[in-house]
Amino acid sequence: MTESFRIKDCALAEIATGSRAQNLRELRDNLEHIDTDSIYYHFWGALLRPRFINREFNNDFAEWARRGLRDYRLSERIAVLDPTAYPETEQLRRELIELIEERLEESEHVPWARKDEQFHFRRSKIVVFDTGIELSRPEQLVEAVPAMSLGSVFYHFIDARRREPRGQNDFQAWLGGCGEAYHGLCLQLGSIDPFFQSLPELRRQLSDGFRNWFGSAHS
Amino acid sequence: MTTLLQSYAEIVGADVIEQLHQLARQLAGRRVVHVNSTRVGGGVAEILAKLVPVTNELGIECDWEVISGSPDFYHCTKGFHNALQGNATPIPERLLRVWEETNAYCADQLREKLESADIVFIHDPQPAALLRHMPQRRGRWIWRCHIDLSHPFRPVWRYLRPFVSQYDASIFSLADFVQRMPHDVYLIPPSIDPLSEKNIELDQSEIDEVRVRFGIDPDRPMICQISRFDRFKDPLGVVQAYKLAKKFAPGLQLVMAGGEATDDPEGEAVLREVREACEGDPDIHILLLPADAHRTINALQRAADLVLQKSTREGFGLTVTEAMWKGKPVIGGDVGGIRLQVVNHQTGFLVNTPEGAALRIRYLIFNGGERRRIGAQAREFVRENFLLTRHMREYLTLMLALQHPGQQRIELG
């Protein structure tokens, strides 16, 4: 039998790096040097910080291109970037810079933001702690997941991709070790796109997925 | 007896409180001290009045110390406050010496407690020089800046910067407010306390009584702006927006409530101009309320159909948060922290002109369903993000992060 599943929780401490950009060229220049933690944060951190839940854009760069620079074309291109498609954040950085350079080349003017709409590069520290809850059987997920905090959902479903060598979430990694019987469930979990969801919605989808799986003939 | 945490659990859910307990367990045995310069009045004191007892309930020993000084000390710190927000007024050397001497004196009074504390939060510039007098300090010291430092008057900031640079970390409310520091700058937005007089649920009878007291007709729509009479709050723009909207909604009433008599000549001039602009319209109510009229303001916000905060410059804008918590859509200026809270069609509308505000007033007054939907979303948005419990969680997270300097990822337990 595989190891038990310990439910952990996390909280992010948001930190201002002090780097900022007022135009697209400054954004590009900053992106060349900024720590990968900051890029990761601007793609994923919004899930855990005060933001309206149905946000229009899924990363901060796309949002700034739209609201700060009023460059709708660039905004749409950046919004399509899927961070889960890049195993290393460094690759995501290169792709982002590529898109920006392409836009700079095709623009007659460098897009500028108002002074009070600059892009502020931020990063975060993640504090992970044990909830003391331990699952020994996969079917316990049916009750455990709906009761999880949003921090736990972030840790096990989003943050896991940085920890697990194959970019899996923690549920997939655990169930994968519990035997072939859970192969179908692992595939289902892998098909959930976390990038366009709020954390409460993600928790709902996961809860539904586990309830349906274990409530059907699979259990 | 119901504890504070139990009361908060009824509002935010037991899971949120459980998370606070789990974070706090990691800090058991630590001693925390907050220092500011006033026990009552002002947003900082309001927050500390709850943050400190909640920290203690969570099992972390937490004290709150207040420093005080002569009138010259406050004269100087008022000058800091204005200058750091961009007011180009130099501070006389004599007052700066008073500020330094007051901090030295208070350091002697508080030395034992502060030097032995594990974590010390120093709020705003008033007590910022205490750190210089604590060479034997054993804990981590954090400067909590509640002020928008984005455009400080440089000579004053150059003077203060060496004092605050020595801290182990600082906290600002928004990234836009930050100045570069040689240490980590954490971002923690402020919050409101749902159990305070300003925000607590009120009986309908109390709301009705306030309507009667100020001659507000309950059968006609009412909009309000709660703000001091300051040009940056654009009260004249509010009156203009109201007048434009009233052409389409003749029954509309406007309440503008601010603080009573002030020693600020500019404020008096603005108030005079507002009164002139409102002359002859019995449906505009200009209210000058005492500083402790929290329940009255609470009732006015609840009585309103929607709330305006048409600022042209704003810090975080906690009056916006308060209105949203009462389930009201907010029409807010497209500036500062209002942008973080007001999302078009979701929690209210951002506007740039009186005309824009008038358009949104009309839209919301004539669309009751939308008004209620947006108001309900606004309340939930505040519940998730801007209540004191979220603030507490971020303080705890910060304290844990400070125990592990240099680590991006801190795995506990």
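Residues numbered from 1 in each chain as written. Chains lettered and ligands numbered in written order. Predicted model: local features only at pLDDT ≥ 70, side-chain atom pairs only at ≥ 80, totals over all residues.

Within chain A, the secondary structure is distributed over ten helices and two strands. If one aligns the C-alpha atoms of chain A with their principal axes, the spans along those axes are about 60 × 30 × 30 Å. The contacts of chain A with a sequence gap of at least 6 include a subset with a gap of at least 24, amounting to 71%. (Helix = DSSP H or I, 4+ residues; strand = E, 2+ residues; numbered from the N terminus. Contact = placed C-beta atoms within 7 Å.)

Turning to the overall build of chain B, a few remarks are in order. A count of helices and strands for chain B gives 15 helices and 13 strands. Since a compact globule built from 413 residues should have a radius of gyration of about 22 Å, the 22 Å found for chain B is in line with a globular shape. For chain B, the proportion of contacts with a sequence separation of at least 24, taken over those separated by at least 6, is 68%. (Rg over C-alpha atoms; globule rule 2.2 N^0.38 Å.)

Attention now goes to the interface of chain B and chain A. Accessible area lost upon the coming together of the parts serves often as the stated size of an interface. The interface is formed by 34 residues belonging to chain B together with 23 residues belonging to chain A. Going through the elements one at a time, helix H2 (14-25), strand S6 (184-187), helix H14 (368-385), helix H15 (388-402) and strand S13 (409-411) of chain B are the ones with two or more residues in the side of chain B that touches chain A. Broken down by element, the side of chain B that touches chain A gets its largest block of residues, five residues, from H15 of chain B. In terms of residue class, the side of chain B that touches chain A is built from 18 nonpolar, nine polar and seven charged. Alignment of strand S1 (residues 5-21) of chain A against S6 of chain B, held across two bridges, turns out to be antiparallel. Its bridge partner lying in S6 of chain B, Ile-15 of chain A is registered against Tyr-186 of chain B. (Nonpolar A, V, L, I, M, F, W, Y, C, P; charged D, E, K, R; others polar. Pairing = 2+ DSSP bridges.)

Turning to the sheet that holds S6 of chain B, a few remarks are in order. The strand order S2(B)-S1(B)-S3(B)-S4(B)-S5(B)-S6(B)-S1(A)-S2(A)-S13(B) describes an open sheet built from nine strands, whose pairing is mixed. Strands with a single pairing partner mark the edges of an open sheet, and in this sheet they are strand S2 (61-66) and S13 of chain B. Strand-to-strand twist of the sheet, defined as the mean angle between neighbouring strand axes without regard to direction, takes the value 25°. The pairing of strand S2 (residues 119-135) of chain A with S13 of chain B spans three bridges and is parallel. Bridge pairing in S13 of chain B links Val-128 of chain A to Glu-411 of chain B. (Axes fitted to C-alpha atoms, helices over the stretch in contact; angles between N-to-C directions.)

A few words now on the environment of Arg-390 of chain B. Residue and element names in this part refer to chain B. Inspection of the secondary structure assignment puts Arg-390 in helix H15. Each C-alpha atom of the pair Arg-390 and Leu-20 lies 9.1 Å from the other, and the pair is 370 residues apart in sequence. If we skip the residues at most four places from it in the chain, Arg-390 touches Ser-191 and Asn-385.

Okay, the nonpolar core next. Within the largest apolar cluster, 172 residues are counted, with the highest numbers of intra-cluster contacts made by Phe-154 of chain A together with Ile-223, Cys-224 and Leu-300 of chain B. Apart from residues lying up to four places away in sequence, Phe-154 of chain A is in contact with Cys-10, Leu-47, Leu-48, Asp-159 and Leu-199 of chain A. (Core = buried A, V, L, I, M, F, W, Y, C linked by C-beta atoms within 7 Å. Buried ≥ 20, exposed ≤ 12 C-beta atoms within 10 Å, placed from the backbone.)

With that settled, the discussion passes to the packing of helix H3 (residues 43-57) of chain B against H15 of chain B. Residue and element names in this part refer to chain B. Packing of H3 against H15 brings their axes to within 11 Å, and their N-to-C directions diverge by 60°. Judged on the interaxial angle alone, H15 and H3 are oblique. The handedness of the crossing between H3 and H15 is right-handed. Contacts between H3 and H15 involve Lys-50, Leu-51 and Val-54 on the former and, on the latter, Leu-388, His-391 and Met-392. Across the contact of H3 with H15, the residue classes break down as four nonpolar, one polar and one charged. (Parallel < 35°, antiparallel > 145°, perpendicular 65-115°, else oblique. Left-handed = near helix turned anticlockwise from the far one by under 90°.)

Another point: the sheet that holds strand S11 (residues 330-333) of chain B. All names here are of chain B. Strand order in the open sheet made by the six strands is S9-S8-S7-S10-S11-S12, with parallel pairing throughout. At either margin of the open sheet sits one strand with a lone partner, and together these are strand S9 (284-289) and strand S12 (348-351). The average angle at which neighbouring strand axes cross in this sheet is 20°, direction not considered. Of the pairings in the sheet, the one linking strand S7 (residues 222-226) to strand S10 (residues 306-309) comprises two bridges and is parallel in character. Bridge pairing in S10 links Cys-224 to Val-307.

Residues and elements named next belong to chain A. Most of helix H3 (residues 60-67) sits inside the fold, with six of its eight residues counted as buried. The set of residues buried in H3 consists of Asp-60, Phe-61, Ala-62, Glu-63, Trp-64 and Ala-65. Against the buried residues of H3 lie helix H2 (36-44), helix H4 (72-80), helix H5 (89-106) and S2.

What follows covers the packing of helix H8 (residues 235-246) of chain B against helix H13 (residues 354-366) of chain B. For any two helices packed against each other, one specifies the inter-axial angle together with the distance between the axes. Residues and elements named next belong to chain B. Interhelical geometry of H8 versus H13 gives an angle of 45° and a closest axis separation of 8 Å. Overall, the two elements H8 and H13 adopt an arrangement that is oblique. Classified by chirality, the crossing of H13 by H8 is right-handed. Residue-level inspection shows Gly-237, Gln-240, Ala-241, Leu-244 and Ala-245 of H8 in contact with H13, the latter providing Pro-354, Glu-355, Ala-357, Ala-358, Ile-361 and Arg-362.

Right, let's get into the environment of Lys-115 of chain A. Position of Lys-115 of chain A among the secondary structure elements: in the loop between H5 and S2. Along the sequence, Lys-115 of chain A and Ala-62 of chain A sit 53 residues apart, while their C-alpha atoms lie 18 Å from each other.

Turning our eyes to something else, we now look at the pairing of strand S4 (residues 140-144) of chain B. Within S4 of chain B, four of the five residues are buried, which leaves the element mostly enclosed by the surrounding structure. Considered for its hand, the β-α-β crossover made up of S4 of chain B, helix H6 (residues 154-165) of chain B and strand S5 (residues 169-172) of chain B is right-handed. (Right-handed = clockwise from strand over helix to strand, strands pointing away.)

Time to look at the confidence of the model for chain A. Looking at chain A as a whole, the pLDDT averages 89, with 95% of positions reaching at least 70. Of all helices and strands in chain A, the one with the weakest mean pLDDT is helix H7 (residues 150-163) of chain A (89), whereas helix H1 (residues 24-33) of chain A scores best (97). (pLDDT = per-residue confidence, 0-100.)

Residue and element names in this part refer to chain B. Pairing geometry for S10 and S11, over three bridges, is parallel. Its bridge partner lying in S11, Gln-309 is registered against Gly-332. For the segment spanning S10, helix H11 (residues 318-325) and S11, crossover handedness is right-handed. Relative to S12, S11 runs parallel, the two being bridged by four bridges. By the bridge assignment, Val-330 is partnered in S12 with Gly-348.

Of note in this structure, Arg-70 of chain A is not a glycine but carries a positive phi near 60°. By the secondary structure assignment, Arg-70 of chain A is in the loop between H3 and H4. Positive phi is not limited to glycine here, since Asp-124 of chain B has a value of about 65°. As for its placement among the helices and strands, Asp-124 of chain B is situated in the loop between strand S3 (119-123) and S4.

Along its 15 residues, H15 of chain B runs 21 Å from first to last C-alpha, staying within 8% of the 21 Å computed at 1.5 Å per residue. Burial runs high along H15 of chain B: 14 of the 15 residues are buried. (Expected span 1.5 Å × (residues − 1).)

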